[in-house]
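Below, each chain spelled out in residue letters.
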Amino acid sequence: MKSQNNKTPVYWSLLNFKFWNLYIAATEKGLCYVGSQNKPFEEFSIWAEKRFPGSPLEEDREKLNPYAAELIEYFDGNRKNFTIPFDYHGTEFQVAVWNVLCEIPFGETKSYSDIANYINKPAAVRAVGAAIGANPVLISVPCHRVVGKNGSLTGYRGGLEMKTQLLNLERKGLETWANLLD
């Protein structure tokens, strides 16, 4: 259903689970935004106005339930991969980078130069970093799995604390799954 201004609405909800508090949003096509942990609504609304100018923002927890459910399963250690549809928009280069991020296995990390090499643009390490920084769908497009060449934690839209929490969650998940197989 389109709104009165004939712009497709962007549906949003605040996801609260354990200590995770973040805004998520979707269009009719799929998840388009996962916000930074504990950031205000303005982070989302400013982003939405740039990416979907004139589109109404409509709070709709029910529409966001399928996306929230997969994120909660991930936070709970019961999901390694996301199956929800995405609706992210970027340059051809950005989308290529984001698609590669989705191929990094749960619990593993890659460097920016690994990503640049994977898309056959080995000299584009800085551009890869910029594309990763523009990723609108944190967690489910796992940019937190990208680290410096020496393994050091580098910038993250959600902040280094959130990146550390996500990487620790995945390490703990791998240990749990390994114990289940023993």
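Numbers given to residues run from 1 along each chain, matching the order in which its sequence is written. Side-chain atom pairs in this predicted model are given and counted only at pLDDT of 80 or more, local residue features only at pLDDT of at least 70, and totals for whole chains, interfaces and linings cover all residues. Water and hydrogen atoms play no part in the side-chain values, which are based on all heavy atoms of the structure.

As annotated in an unreviewed UniProt entry, the protein chain carries the name methylated-DNA--[protein]-cysteine S-methyltransferase and is attributed to Neobacillus novalis. UniProt positions are given in the numbering used here, feature names are shortened, and annotations may be inferred rather than shown by experiment. The record in UniProt for the protein chain states the following under Sequence similarities (unreviewed entry): "Belongs to the MGMT family."

Enquirer: What is the right way to look at the sheet that holds strand 3 (residues 30-34) in this model?
Expert: In a beta sheet, neighbouring strands are held together by backbone hydrogen bonds and run either parallel or antiparallel to one another. One open sheet holds the 4 strands; their spatial order is 3-2-1-4, and the pairing between them is mixed. Both edges of this open sheet fall to strand 3 and strand 4 (57-59), since each of them pairs with a single strand only. Here the average twist between neighbouring strands, direction ignored, is 35°. Alignment of strand 2 (residues 20-27) against strand 3, held across 4 bridges, turns out to be antiparallel. Among the inter-strand pairings, A26 is bridged to a residue of strand 3, identified as L31. Contacts: residue pairs with any heavy atoms within 4.5 Å of one another. Convention adopted: a line fitted to C-alpha atoms gives each axis, helices being fitted over their contacting stretch, and angles between N-to-C directions are expressed from 0 to 180 degrees. Helix numbers and strand numbers start at the N terminus; a helix is a DSSP run of H or I with at least 4 residues, a strand a run of E with at least 2. Of the strands in this sheet, strand 1 (10-17), strand 2, strand 3 and strand 4 are in contact with helix 2 (residues 61-75), which crosses strand 1 at around 40°. Two strands are counted as paired when DSSP detects at least two bridges linking them.

Enquirer: Looking at this structure, I do not really get the UniProt feature "domain: Methylguanine DNA methyltransferase ribonuclease-like" (unreviewed entry) in the protein chain. What am I missing?
Expert: Within the UniProt annotation, "domain: Methylguanine DNA methyltransferase ribonuclease-like" (unreviewed entry) is assigned to residues 10-88. In residues 10-88, the share of helix is 33% and the share of strand is 30%. The end C-alpha atoms are 12 Å apart.

Enquirer: Quick question: what am I supposed to make of the environment of E170 here?
Expert: Along the chain, E170 turns up in helix 6 (residues 160-181). Distance from E170 to Q37, taken between C-alpha atoms, is 17 Å for residues 133 residues apart in sequence. Beyond its immediate chain neighbours, meaning those up to four positions away, E170 contacts Y74, F106, G107, H144 and R145. Contacts described as polar in this section are N or O atom pairs within 3.5 Å, which, within protein, must combine one atom able to donate a hydrogen with one able to accept it, while residues neighboring in sequence count only if both atoms come from side chains. Here H144 takes part through its side chain, which lies 2.7 Å from a polar atom of the side chain of E170.

Enquirer: Would you mind going over unusual backbone geometry with me for this structure?
Expert: What is expected of a backbone is that most residues other than glycine have negative phi and most peptide bonds are trans. Residue K18 is not a glycine yet carries a positive backbone phi of 55°. Secondary-structure assignment places K18 in the loop between strand 1 and strand 2. Classification of residues uses two cut-offs on accessible area relative to the type maximum, computed with a 1.4 Å probe and protein chains only: under 20% is buried, over 50% is exposed, and between them is partly exposed. What makes K18 exposed here is its relative accessible area of 62%. Of note in this structure, N38 is not a glycine but carries a positive phi near 60°. Tracing the backbone through its elements, the reader meets N38 in the loop between strand 3 and helix 1 (41-51). Here N38 falls in the exposed class, since its relative accessible area comes to 52%.

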